[in-house]
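Here are the chains, one letter per residue:
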Amino acid sequence: MSTRIKEWNDVLPETELEKNWVTRVQLGQRQLAIYDTPTGLYASLALCNHAGADLCDGYFDGHIIECPLHQGAFDVRDGKAVCAPATRKMMTFDTRVHAGMVQVFI
Ligand code: FES
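Being a predicted model, the structure only gives us computed values, none of them experimental. Per chain, residues are indexed from 1 in the order of the written sequence. Where local features are concerned, this predicted model is filtered to residues with pLDDT of at least 70; where side-chain atom pairs are given and counted, the filter is 80 or more; whole-chain, interface and lining totals use all residues.

1. Concerning the overall build of the chain
Secondary structure assignment for the chain yields zero helices and 11 strands. The atom set for the radius of gyration is the C-alpha atoms, and the globule formula is 2.2 Å times the number of residues raised to the power 0.38. In terms of C-alpha radius of gyration, the chain reaches 13 Å, essentially the compact-globule figure of 13 Å for 106 residues. The 106 residues of the chain split such that 30% are buried. By the convention adopted here, residues are in contact when the distance between their C-beta atoms, placed from the backbone, does not exceed 7 Å. Across the chain, the fraction of contacts at a sequence separation of at least 24, relative to all contacts at a separation of at least 6, is 37%. A helix here means a DSSP run of H or I that spans at least four residues, while a strand means a run of E at least two residues long, and both kinds are numbered starting from the N terminus. Exposed residues have 12 or fewer other C-beta atoms within 10 Å of their own C-beta, buried residues have 20 or more, and partly exposed residues fall in between, where C-beta atoms are placed from the backbone.

2. Describing the nonpolar core
Definition of nonpolar core: a set of buried Ala, Val, Leu, Ile, Met, Phe, Trp, Tyr and Cys residues joined via C-beta atoms within 7 Å. Within the largest apolar cluster, 24 residues are counted, with the highest numbers of intra-cluster contacts made by Val-22, Leu-32, Ala-33, Ile-34, Tyr-35, Leu-55 and Ile-65. The element that contributes the greatest number of residues to this core is strand β3 (residues 30–37), accounting for four residues. For Ala-33, the contacting residues outside a window of four places in its chain are Val-22, Arg-24, Ala-43, Ser-44, Ala-46, Leu-55 and Cys-56.

3. Some thoughts on the sheet that holds strand β4 (residues 40–45)
A strand pair is defined by DSSP finding two or more bridges across the two strands. Strand order in the open sheet formed by four strands is β2-β3-β4-β9, with antiparallel pairing between adjacent strands. A single partner strand is all that each edge strand has here, and the edge strands are β2 (22–27) and β9 (92–93). Both β3 and β4 contribute to a ladder of six bridges, which runs antiparallel. Considered in β4, the bridge of Ile-34 is made with Ala-43.

4. Structural notes on the environment of Arg-4
Mapped onto the elements, Arg-4 comes out in the segment before β1 (8–13). It is 9.4 Å that separates the C-alpha atoms of Arg-4 and Ile-106, two residues lying 102 residues apart in sequence.

5. Description of the pairing of strand β11 (residues 101–105)
Two faces belong to every sheet, and in a regular strand the side chains alternate between them. Across five bridges, the pairing between β1 and β11 is antiparallel. When the bridges of β11 are listed, Leu-12 appears paired with Val-102. Two strands pair when backbone bridges link them, and strand β10 (residues 95–98) and β11 are joined in this way by four bridges, in the antiparallel orientation. By the bridge assignment for β11, His-98 is matched with Met-101. Adjacent in sequence and paired antiparallel, β10 and β11 are bridged by two residues, among which Ala-99 carries a positive phi angle near 55 degrees.

Written out as structure tokens, the structure is:
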């Protein structure tokens, strides 16, 4: 079994972030959603864990992303599901800005 060591990965320049909104990025095979919030940046997988809709097409307000397909919702700070039909925590990743680049720890 191989274990992959996590590392900080550049995903886009900070200047290309959608302010107070969600930005879709590609990192290898993964599509990620980067959330710009009043308390900083957060990241999750872009696809909803309920039925696979693209959260980047959802409605974003403060710290809550609402899925565009069934209106399930998640708190992007910890991934917790806050509105049905979403019930499972979504996967989130540490995120930072370093040297002008948004980076995600994966
Ligand atoms: S696909 Fe997101 S709530 Fe159903």
